[in-house]
Number of protein chains: 2
Amino acid sequence: MAVFQNDTHLFTATESSLASTLFNSPPFQSFTIFILELSSYPFKNIHSPAFLPIERAVLVDHVATDPDAETFKSSVANEDGDNVTVAGFVLFMPSYTTFAGKPGFHVEDLLVRECYRRKGFGKMLLSAVVEQAVKMGFKRVEWSVLEWNVSAVKFYEEMGAKVLSEWRVCRLTGDALEAYGDANC
Amino acid sequence: MAVFQNDTHLFTATESSLASTLFNSPPFQSFTIFILELSSYPFKNIHSPAFLPIERAVLVDHVATDPDAETFKSSVANEDGDNVTVAGFVLFMPSYTTFAGKPGFHVEDLLVRECYRRKGFGKMLLSAVVEQAVKMGFKRVEWSVLEWNVSAVKFYEEMGAKVLSEWRVCRLTGDALEAYGDANC
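Residues numbered from 1 in each chain as written. Chains lettered and ligands numbered in written order. Predicted model: local features only at pLDDT ≥ 70, side-chain atom pairs only at ≥ 80, totals over all residues. Heavy atoms only, no water.

Trainee: Can you explain the pattern of salt bridges? Please cite residues and give values.
Mentor: As enumerated under the stated definition, the model contains 14 salt bridges over all chains in all. For K154 of chain A, the salt bridge goes to E158 of chain A, with nearest N and O atoms at 3.1 Å. Of the two residues, K154 of chain A and E158 of chain A are both situated in helix α3 (residues 150-158); the distance of 4 residues between them amounts to about one turn of the helix. For the pair K154 of chain A and E158 of chain A, one class covers both residues: exposed. Put simply, D66 of chain B and R113 of chain B hold a salt bridge, and the shortest N to O gap is 2.6 Å. Pair noted here: D66 of chain B is in the loop between β1 (32-38) and β2 (85-97) and R113 of chain B is in the loop between β3 (102-112) and α2 (121-135), with a separation of 47 residues, a long-range link. You'll find D66 of chain B and R113 of chain B in the same group, each marked buried. Several salt bridges share partner residues, and in doing so they unite E108 and R171 of chain A together with R140 and E142 of chain B into one network. (Salt bridge = Lys/Arg side-chain N within 4 Å of Asp/Glu carboxyl O. Helix = DSSP H or I, 4+ residues; strand = E, 2+ residues; numbered from the N terminus. Buried < 20%, exposed > 50% of the residue type's maximum accessible area, 1.4 Å probe, protein only.)

Trainee: Tell me about the relation of the copies chain A and chain B, residues and numbers included.
Mentor: Aligned on chain B, chain A shows an RMSD of 0.0 Å; the corresponding rotation is 180 degrees and the shift along the axis is 0.0 Å. Here the two chains are linked by the operation of a two-fold rotation axis. In this assembly the copies share their binding face: 100% of the residues contributing to the interface of chain A also contribute to that of chain B. (Least-squares fit on C-alpha atoms with pLDDT ≥ 70 in both. Contact = heavy atoms within 4.5 Å.)

Trainee: Give me the lowdown on the pairing of strand β4 (residues 140-146) of chain B, citing residues and values where you can.
Mentor: All names here are of chain B. In terms of burial, β4 is largely enclosed, as 6 of its 7 residues are buried. The pairing of β3 with β4 spans 2 bridges and is classified as parallel. Looking across to β4, one finds that F105 is bridged to V141. The handedness of the β3 to β4 crossover, carried by α2, is right-handed. (Pairing = 2+ DSSP bridges. Right-handed = clockwise from strand over helix to strand, strands pointing away.)

Trainee: Can you break down the packing of aromatic side chains residue by residue, with the values?
Mentor: Counted under the stated rule, the structure contains 24 aromatic pairs over all chains. Between F28 of chain B and F105 of chain B the ring centres are 6.2 Å apart and the planes differ by 45 degrees, which places this aromatic pair in the tilted class. Taken as a pair, F28 of chain B in the loop between α1 (15-21) and β1 and F105 of chain B in strand β3 lie far apart in primary sequence, 77 residues in all. The exposure class of F28 of chain B is buried, given its relative accessible area of 9%. An aromatic cluster of at least three residues, connected via ring pairs, comprises F28, F34, F51, F92, F105 and F138 of chain A. (Phe/Tyr/Trp six-rings, centres within 6.5 Å; stacked < 30°, edge-to-face > 60°.)

Trainee: Let's hear about the environment of G160 of chain A: which residues, and what values?
Mentor: Along the polypeptide, G160 of chain A turns up in the loop between α3 and β5 (162-164). Sequence-distant contacts of G160 of chain A, that is, excluding residues within four places in its chain, are made with R171, L172 and A176 of chain B.

Trainee: Help me get a handle on the sheet that holds strand β4 (residues 140-146) of chain A, residues and values and all.
Mentor: Where strands meet in a sheet, backbone hydrogen bonds hold them as pairs that are either parallel or antiparallel. Strand order across the open sheet formed by 6 strands is β1(A)-β2(A)-β3(A)-β4(A)-β6(B)-β5(A), with mixed pairing between neighbours. What marks the edges here is a single partner per strand, and that holds for β1 (32-38) and β5 of chain A. Pairwise comparison of adjacent strand axes, ignoring direction, gives a mean angle of 30 degrees for this sheet. Bridge count for β4 of chain A against strand β6 (residues 167-173) of chain B is 7 bridges, and the pairing is antiparallel. Residue pairing across strands places E142 of chain A opposite R171 of chain B, the latter belonging to β6 of chain B. Running at roughly 165 degrees to strand β3 (residues 102-112) of chain A, helix α2 (residues 121-135) of chain A makes contact with β1, β2 (85-97), β3 and β4 of chain A together with β6 of chain B of the sheet. Each of β3, β4 and β5 of chain A together with β6 of chain B is contacted by α3 of chain A, which is oriented at about 165 degrees to β4 of chain A, the strand it contacts most. (Axes fitted to C-alpha atoms, helices over the stretch in contact; angles between N-to-C directions.)

By themselves, these figures tell us nothing about what the structure is for.
As structure tokens, this is what we get:
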């Protein structure tokens, strides 16, 4: 994604920075990740105290050849004992709209690994977030898209989203952000 | 704000919807509000277990005539026993950037009541959020601006923010959102 956005200079995440800042709270209260795991066989019963995993059986035209299957091997088990593969994720968190006086979700990342694309998995992940929002009485789901990414814009519009033409994202980061650390606070 | 944005049809918040969805968690873990309270006299010592209020003495050219002073009377006390007035607020919440592998803040609302504008209070509120972000080791503060609101764009750029030209906000709300409640979830 950083390569696609020409933003590799901003990419400084490490395994330890992710591990220390994510997975610290029950789902939906703060940063939340739905992980897409694929298996050719039914999953063994998965125990999750806070959220019941969503299981879907899908027919795919042909099984993808995954060059990085070993790297993305899941710790989840299936009935065959064979590999389960992590194919994507969506990272989201609560947001708030004072107009509605209700929470919503902000979707920060949606990623399906390249060899698993064009099979409906992205829609499955994003729909799961929206369905959860409705279930919780939330009134809005928002995310950002690059306006020149026409296939993504089309995909989101087909899912019912409006692409707001007038709003721009303001971002304070890097040195401009750290400068506030020297302020009289 | 709803009037300014031509979005009054989206405004459905009520006192009870706000009261039941805000002020439920310690500051900075979820939805957080800094409230700007003004007084002509020093504040009495304010007790706040989770966050020490930021106090600033400012010189203003002339005292604003506040036609709604009674409505916006604060419950906070000052040393004179005279009115303290709520003049604005900023509502923000944690966000996350996988590029940095670190949290940030998303600023949802920044409002200074009309009769208190052009005195530096907006900058004071937004700076307080950014300073808090730096203090917590957060790596990004983001918010949205209407691209035709040139004075707001200028104000944010002067505070060090970049206005991203390529990103658009996607919003799923109303009937398009509720339709996902009928899905097979």
